[in-house]
Protein chains: 2
Amino acid sequence: MQSILNFESLLGHLADTPRRRVAVACPHDSHTVEAVEAALHEGFADFILFGKADIIKALPLMDKYAGRVDVVAIDDTDEAARAAVMAVRLGRADVLMKGMLNTDNLLRAVLNKEHGILPQGNVLTHITAAEIPGRDRLLFFTDAAVIPSPTLPQRVAMVEDIAGVCRAFGIDCPRIALIHCTEKTSPKFPLTLDYGQLKEMAAEGHFGHVIIDGPMDVKVACDPHAGALKGIVSPVDGRADALIMPDIESGNVFYKTLTGFVGALTAGMLVGTSAPVVLPSRGDSTRAKLCSLAMACLTATDR
Amino acid sequence: MQSILNFESLLGHLADTPRRRVAVACPHDSHTVEAVEAALHEGFADFILFGKADIIKALPLMDKYAGRVDVVAIDDTDEAARAAVMAVRLGRADVLMKGMLNTDNLLRAVLNKEHGILPQGNVLTHITAAEIPGRDRLLFFTDAAVIPSPTLPQRVAMVEDIAGVCRAFGIDCPRIALIHCTEKTSPKFPLTLDYGQLKEMAAEGHFGHVIIDGPMDVKVACDPHAGALKGIVSPVDGRADALIMPDIESGNVFYKTLTGFVGALTAGMLVGTSAPVVLPSRGDSTRAKLCSLAMACLTATDR
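Keep in mind it's a predicted model, so treat the numbers as computed, not measured. (Residues numbered from 1 in each chain as written. Chains lettered and ligands numbered in written order. Predicted model: local features only at pLDDT ≥ 70, side-chain atom pairs only at ≥ 80, totals over all residues. Heavy atoms only, no water.)

Observations regarding the interface of chain B and chain A
Step number 1: Between chain B and chain A, the residue contacts involve 32 residues of the former and 32 residues of the latter.
Step number 2: Carbon and sulfur atoms make up 70% of the surface buried where chain B meets chain A, a total of about 2800 Å² over both sides.
Step number 3: On the chain B side of the interface with chain A, the three residues burying the most area are Glu249, Val253 and Phe261 of chain B, jointly 24% of the side's total.
Step number 4: Remark: the boundary between chain B and chain A carries two salt bridges.
Step number 5: For Lys256 of chain B, the salt bridge is made with Asp217 of chain A, and the minimal N-O distance between the two is 3.2 Å.
Step number 6: If you list the elements that add at least two residues to the side of chain B that touches chain A, you get helix H9 (218-222) and helix H11 (248-260) of chain B.
Step number 7: The dominant element in the side of chain B that touches chain A, judged by the number of residues it contributes, is H11 of chain B, at eleven residues.
Step number 8: Grouping the amino acids of the side of chain B that touches chain A by side-chain chemistry returns 17 nonpolar, seven polar and eight charged. (Contact = heavy atoms within 4.5 Å. Buried area = accessible area lost by both parts, 1.4 Å probe. Salt bridge = Lys/Arg side-chain N within 4 Å of Asp/Glu carboxyl O. Helix = DSSP H or I, 4+ residues; strand = E, 2+ residues; numbered from the N terminus. Nonpolar A, V, L, I, M, F, W, Y, C, P; charged D, E, K, R; others polar.)

Shown next, in the form of structure tokens:
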């Protein structure tokens, strides 16, 4: 498989693969519906909508995309969320998508020990893919949204997850940069010691075919000249496919700076669950929501 | 005084003000010398160079800018650093600049309790000014380089310092955004409670004439549309002059993303000391080093 270098190629790739099925909890707002409609139009996903009868049965896309949209009328929001999660758990859907309900309420259903979709021992984290003007390929990073300050075991899961997403995009040997404000491994910054452990695990083959290095800053990770100027020699070589951010604050700052100052188009999803979870935010453009759905459908595994 | 909206205006402003005096520790490398020469050419600073006799006495700028450059020949690097710091302490220089020596070694002289230039009780932090393509004015932020995870008292000092720098740039009532990945004040994120305290202190007039709000993300802080889309009403109103970053990691990611992805020109300096300290890094362009010197000269107080 050739690498998928941008979101246009992602949509092109999905056009040639079997359609995925997306369970949507509470598609009661225009923001969610427009994303669903965009994905139906692109043709890479079918949908099961869980929500209020009078709203979801009246959606115009029911006629236009007959046979590709199922509805399950449940008026109570939390119950609709639980049902959507159950559809994923039962293998009726490959992807879960949030509509108009609080993220916390959806996550409660996702994380429920008996009926949820986070396998025991798995770590829930967030992965973003960014299409950045002037860059020749996508940049993946984690975690801008879920874990405030990851522990070493959580970071191990983050590396595994982001490597898996990179491979789904056709990057056979992802270059993963461990981001930090310094280049030195030092007890002064305990995180850099964790990074040392991750590199040892990588050398032992724990993460499969990957190139991992760090600590390094985002500029050294993404710009071959920046590293050369600082005299840094690294197998990542300024061409990182994926960044492991130090904490949620830096992940969030990176995400907001890319979208707010760089004009990047981003897609995002939760991983660690048995199916990817898409949580569009009101601030996302329709295109960004569509790309999030596409990324989730690409990385969903056959179940 | 009119606000200084970009670095060009800063240099123009300095052309009309008395020259400042900069003490340089160990200007033994071309990177440092080219910054010194650029500032001499612009005309806003004179210099005292502390370093190896055979190098500094042979510099071509000694002839070209006769009368504006003093040299103090000291072959030992640490001793030269201590002498440069002492020149500041004695009021012979208004700004300190690092040349070719380790940052740690210079800081040891700066922080020395008996002979240094950090007044007791002051907090050493780093402030960056960024000129961002497409933005109509400079954006200031702290701290990308010094304090890993600021305590509340350290943050109070950071707000005081950055407000002072904004005022030196002619911003009478700086809009200061307290950056965080969430918009909610919650015990789940202890930092947001500190932010609440800072807002209370601001309301009590502790920081003078300022507008402070948060927690908010960098996009909401810097883009009026982003806040409107999320339904956020804030006196900062998407027009922040200054950002208080959550930690050094997010500060550093912001800095490296602005320079690496956005093409921003940045100036930076240490504050909290009795005179600003400029620490150019090899990765900085000559223009960036010149702007750092200019920012330090603007904000240096008469002593």
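Examining the packing of helix H7 (residues 152-168) of chain B against helix H8 (residues 190-203) of chain B
Residues and elements named next belong to chain B.
Step number 1: Relative to each other, H7 and H8 sit at 50°, their axes nearing to 10 Å. As far as their axial angle goes, H8 and H7 are oblique. The chirality of how H7 crosses H8 is right-handed. Contacts between H7 and H8 involve Leu152, Arg155, Val156 and Val159 from the first element and Leu191, Asp194, Tyr195, Gln197, Leu198 and Met201 from the second. (Axes fitted to C-alpha atoms, helices over the stretch in contact; angles between N-to-C directions. Parallel < 35°, antiparallel > 145°, perpendicular 65-115°, else oblique. Left-handed = near helix turned anticlockwise from the far one by under 90°.)

As for the nonpolar core
Step number 1: Core analysis: the largest hydrophobic core is formed by 64 residues, its most contacted members being Phe44, Phe47 and Phe140 of chain A.
Step number 2: Beyond its immediate stretch of four places on either side in the chain, Phe44 of chain A contacts Leu11, Leu14, Arg19, Arg20, Ala39, Arg68, Leu290, Leu293, Ala294 and Cys297 of chain A. (Core = buried A, V, L, I, M, F, W, Y, C linked by side-chain atoms within 4.5 Å. Buried < 20%, exposed > 50% of the residue type's maximum accessible area, 1.4 Å probe, protein only.)

Points about the state of the cysteines
Residues and elements named next belong to chain A.
Step number 1: The full count for this structure, using the stated rule, is zero disulfides over all chains.
Step number 2: Not part of a disulfide, Cys173 finds its nearest cysteine sulfur in Cys166, a span of 10 Å.
Step number 3: With no disulfide of its own, Cys181 lies closest to Cys222 among cysteine sulfurs, the gap being 16 Å. (Disulfide = S-S within 2.5 Å.)

Let's talk about unusual backbone geometry
Residue and element names in this part refer to chain A.
Step number 1: A cis amide bond links Gly214 with the next residue in sequence, Pro215, at an omega value of -5°.
Step number 2: Here Pro215 shows up in strand E8 (residues 211-216).
Step number 3: The residue Cys26 is not glycine, and still its phi comes out positive at about 65°.

Things to note about the side chain of Asp284 of chain A
Step number 1: By secondary structure assignment, the location of Asp284 of chain A is in the loop between strand E11 (277-278) and helix H12 (286-299).
Step number 2: Among buried charged residues, Asp284 of chain A stands out as having no salt bridge; its nearest opposite-charge side chain is Lys219 of chain B, 6.4 Å away.
Step number 3: The contacts of Asp284 of chain A, once residues within four sequence positions are left out, are Tyr255 and Lys289 of chain A. (Lys, Arg positive; Asp, Glu negative; His and termini not counted.)

Description of the pattern of salt bridges
Residues and elements named next belong to chain A.
Step number 1: Per the counting criterion, the structure on display carries 27 salt bridges over all chains.
Step number 2: In this structure, the salt-bridge partner of Asp213 is Lys199, at a minimum N-O distance of 3.6 Å. Of this pair, Asp213 sits in strand E8 while Lys199 is found in helix H8 (residues 190-203), placing the two residues 14 residues apart along the sequence.
Step number 3: We classify Lys199 as partly exposed; its relative accessible area is 26%.

What to know about helix H1 (residues 7-15) of chain B
Residue and element names in this part refer to chain B.
Step number 1: Among all positions of H1, only Phe7, Leu10, Leu11 and Leu14 are buried. The arc enclosing the buried residues of H1, seen along the axis, measures out at 95°, which places them on a common side. Pointing more than 90 degrees away from the buried face of H1 are the exposed residues Glu8 and Ala15. (Arc of directions from axis to C-beta.)

Section: the domain arrangement of chain A
You'll often see interface size given as the accessible area lost when the parts meet.
All names here are of chain A.
Step number 1: Here the domain parsing of chain A yields domain 1 (7-119 + 273-299) and domain 2 (125-260).
Step number 2: The straight-line distance from the C-alpha centre of domain 1 to that of domain 2 is 29 Å.
Step number 3: In this complex, domain 1 contributes seven residues to the contact, which on the side of domain 2 involves ten residues.
Step number 4: Summed over both partners, the interface of domain 1 with domain 2 comes to about 640 Å²; 74% of that surface belongs to carbon and sulfur atoms.
Step number 5: By the criterion of area lost to domain 2, the three top residues of domain 1 are Phe7, Met295 and Leu298, representing 73% of everything that side buries.
Step number 6: Counting across the interface, domain 1 meets domain 2 through zero salt bridges.
Step number 7: For the interface between domain 1 and domain 2, the tally reads one residue pair in polar contact (both at pLDDT 80 or more).
Step number 8: Where the side of domain 1 that touches domain 2 is concerned, the elements lending two or more residues are helix H1 (7-15) and H12.
Step number 9: For the side of domain 1 that touches domain 2, the residue count by class is four nonpolar, one polar and two charged. (Domains from an automatic or database assignment. Polar contact = N/O pair within 3.5 Å; in protein donor to acceptor, adjacent residues only side chain to side chain.)

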